Amino acid sequence: MKKALVTGGAGFLGLYITEKLLARGVCVRTLSRSRHSVLEALPVEVFLGDIADLPSTQRAVEGCDTIFHTAAISGIGEPWERYYRANTLGTANLLQSARECGVSKFVFTSSPSVTFDGAHQRGVDESVPYPSRWLAHYPHSKALAEQMVLEANNQGGMLTCALRPHLIWGPRDKALIPRLIARAKSARLRQVGDGTNLVDMIYVENAADAHLLAADALLPGSPVAGRAYFLSQGEPVRCWEWINEILALYDLPPIKKTLSLSAAMGAGWALERLWKIFGWQSDPPMTRFLALQLAKDHYFDIQRAREDFGFVPKISKSEGMAALRREYEAKREELAPGT
């Protein structure tokens, strides 16, 4: 890698990838829809544009040899058109621009949810198929994008792969952990199900490392080319025990109130209907997809990533949790009176 484009370079995962590339001495360009002070403080080339706009992607891709495509619209409440435009059409534009500009490597940040059909996923590997029905627009749009990325392998000399990190967490998170904390503080957080379900997750720096390792391994004849990979810490946790551990880091009490899966599914169905009727473009507090994600097992076999590009999570769960606590304490000190 000499010059890499990181889409969503100011995002949670994208920023860590950007910093790790810079530490290697790689010239980095980012593509974002708006300016971000965090990028302006780094020695990167910032391009402003929308990946759903083909001329924007063409300008951003030109001169780059590697693409890390992390940009996406996530969530569970936006209309299909928004997910399709950003996640599916945007990926199609990047792939077209990459082929036209002679990019040699394309690493796509996918999601394990592209394989989730509502049933338990217990140690499944990459042979698990895409579901026959979709429970939410986000995984559907990402699955379509992932398929395009894998089909683009070896087109015009470009090698591609897709990575599926599950529940990325760590310092600077602006989504998962802030939502948990906000719901806990407002007494709106409920345990869904019996609390015994096992889930995989991954510390953000481990996820970023995996992206660079995969790009390094994208060479002619490599097994990585044209493949998708699950990523995690390799050690599933009990979902609600881990959530309570996170709450404790922020000096919050554990969750006391519970909701059965059937009740959560019913509430999700009703709220989905309500949001659709009124056209609200926000995440409902519950959907059927979210209820199933919160109550079912979903953990994965990451052996293929270990074997094909040497992925080993370097930062343990306990080390990551300690980093979260340090971040919280630093922010608390900043906000303390007289500091």
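Overview of the structure. (Residues numbered from 1 in each chain as written. Predicted model: local features only at pLDDT ≥ 70, side-chain atom pairs only at ≥ 80, totals over all residues. Heavy atoms only, no water.)

1. Some thoughts on the nonpolar core
Next up, step 1: By size, the foremost hydrophobic cluster in this structure holds 40 residues, and its most contacted members are I17, L21, F68, L231, F309 and F311.
Next up, step 2: Mapped by element, the contributors of at least two residues to this core are β1 (3-7), α1 (12-24), β7 (159-165), α7 (204-217), β12 (227-231) and α11 (303-309).
Next up, step 3: Top contributing element to this core by residue count: α7, with eight residues.
Next up, step 4: Beyond its immediate sequence surroundings of up to four residues, F309 is in contact with L163, A210, L213, A214, A217, V224, Y229 and L231.
Next up, step 5: Counting 33 residues, the second largest nonpolar core, distinct from the first, contains L180, I181, V199 and M286. (Core = buried A, V, L, I, M, F, W, Y, C linked by side-chain atoms within 4.5 Å. Buried < 20%, exposed > 50% of the residue type's maximum accessible area, 1.4 Å probe, protein only. Helix = DSSP H or I, 4+ residues; strand = E, 2+ residues; numbered from the N terminus. Contact = heavy atoms within 4.5 Å.)

2. Brief notes about helix α5 (residues 137-151)
Next up, step 1: With 15 residues, α5 should reach 21 Å at 1.5 Å per residue; the first-to-last C-alpha distance of 21 Å fits that figure.
Next up, step 2: For α5, the secondary structure elements touched by its buried residues are α4 (80-101), β5 (105-109), β7, β12 and α10 (288-295). (Expected span 1.5 Å × (residues − 1).)

3. Structural notes on α4
Two residues of an α-helix separated by three or four positions point the same way, owing to the 3.6 residues in each turn.
Next up, step 1: Compared with the 32 Å implied by 1.5 Å per residue over 22 residues, the 30 Å span of α4 between its first and last C-alpha is a close match.
Next up, step 2: At L89, α4 shows its maximal bend, which comes to roughly 30°.
Next up, step 3: The set of residues buried in α4 consists of Y83, A86, N87, T88, G90, T91, N93, L94, L95, S97 and A98. (Bend = angle between axes of the 7 residues up to and from the residue.)

4. Some thoughts on the pattern of salt bridges
Side chains that carry opposite charge are capable of pairing whenever their charged atoms lie near each other.
Next up, step 1: Overall, the coordinates contain 19 salt bridges when judged by the stated rule.
Next up, step 2: For the salt bridge of D216 with R24, the shortest nitrogen-to-oxygen distance reads 2.7 Å. Of the two residues, D216 is situated in helix α7 and R24 in helix α1; the sequence distance between them amounts to 192 residues.
Next up, step 3: A relative accessible area of 44% places R24 in the partly exposed class.
Next up, step 4: With a shortest N-O distance of 3.8 Å, E40 and R35 are connected by a salt bridge.
Next up, step 5: Residues joined by salt bridges that share partners form a network here, namely D251, R325, E329 and R332. (Salt bridge = Lys/Arg side-chain N within 4 Å of Asp/Glu carboxyl O.)

5. Re the packing of aromatic side chains
Geometrically, a pair of aromatic rings is defined through the distance of the ring centres and the angle of the planes.
Next up, step 1: Across all of its chains, the model carries 10 aromatic pairs by this definition.
Next up, step 2: Between F12 and Y16, the ring centres sit 6.1 Å apart and the planes meet at 80°, which makes this aromatic pair edge-to-face. With F12 and Y16 both in helix α1, this residue pair falls four residues apart, about one helical turn.
Next up, step 3: On the basis of relative accessible area, F12 is assigned to the buried category, the value being 19%.
Next up, step 4: Since its relative accessible area comes to 8%, Y16 is described here as buried.
Next up, step 5: Cluster of aromatic residues (ring-pair linked, three or more members): W169, Y203 and W242. (Phe/Tyr/Trp six-rings, centres within 6.5 Å; stacked < 30°, edge-to-face > 60°.)

6. Here we look at the sheet that holds β7
Next up, step 1: Taken in spatial order, the seven strands make up an open sheet running β3-β2-β1-β4-β5-β7-β12, and their pairing is parallel. Every other strand in the sheet has two partners, leaving β3 (45-48) and β12 as the edge strands with one partner each. Averaged over neighbouring strand pairs, the angle between their axes works out to 20° when direction is ignored.
Next up, step 2: Where β1 lies against strand β4 (residues 66-69), four bridges are found, and the strand directions are parallel. Following the sheet pairing, T7 is matched in β4 by H69. (Pairing = 2+ DSSP bridges. Axes fitted to C-alpha atoms, helices over the stretch in contact; angles between N-to-C directions.)

7. Details of a nonpolar patch on the surface
Next up, step 1: On the surface, L274, I277, F278 and W280 cluster together into a nonpolar patch covering about 420 Å² of accessible area.
Next up, step 2: Counting through the fold element by element, L274 comes out in helix α9 (residues 261-278). (Patch = residues over 30% accessible without salt bridge, like charges linked within 9 Å, V, L, I, M, F, W, Y side chains within 5 Å. Areas by Shrake-Rupley, 256 points an atom, 1.4 Å probe, with all protein chains shown as cover.)

8. Section: the pairing of β4
Next up, step 1: Of the two faces of β4, the one lined by T66 and F68 and the one lined by I67 and H69 are each fully buried.
Next up, step 2: Bridge count for β4 against β5 is four bridges, and the pairing is parallel. Bridging across to β5, I67 finds its partner in F106.

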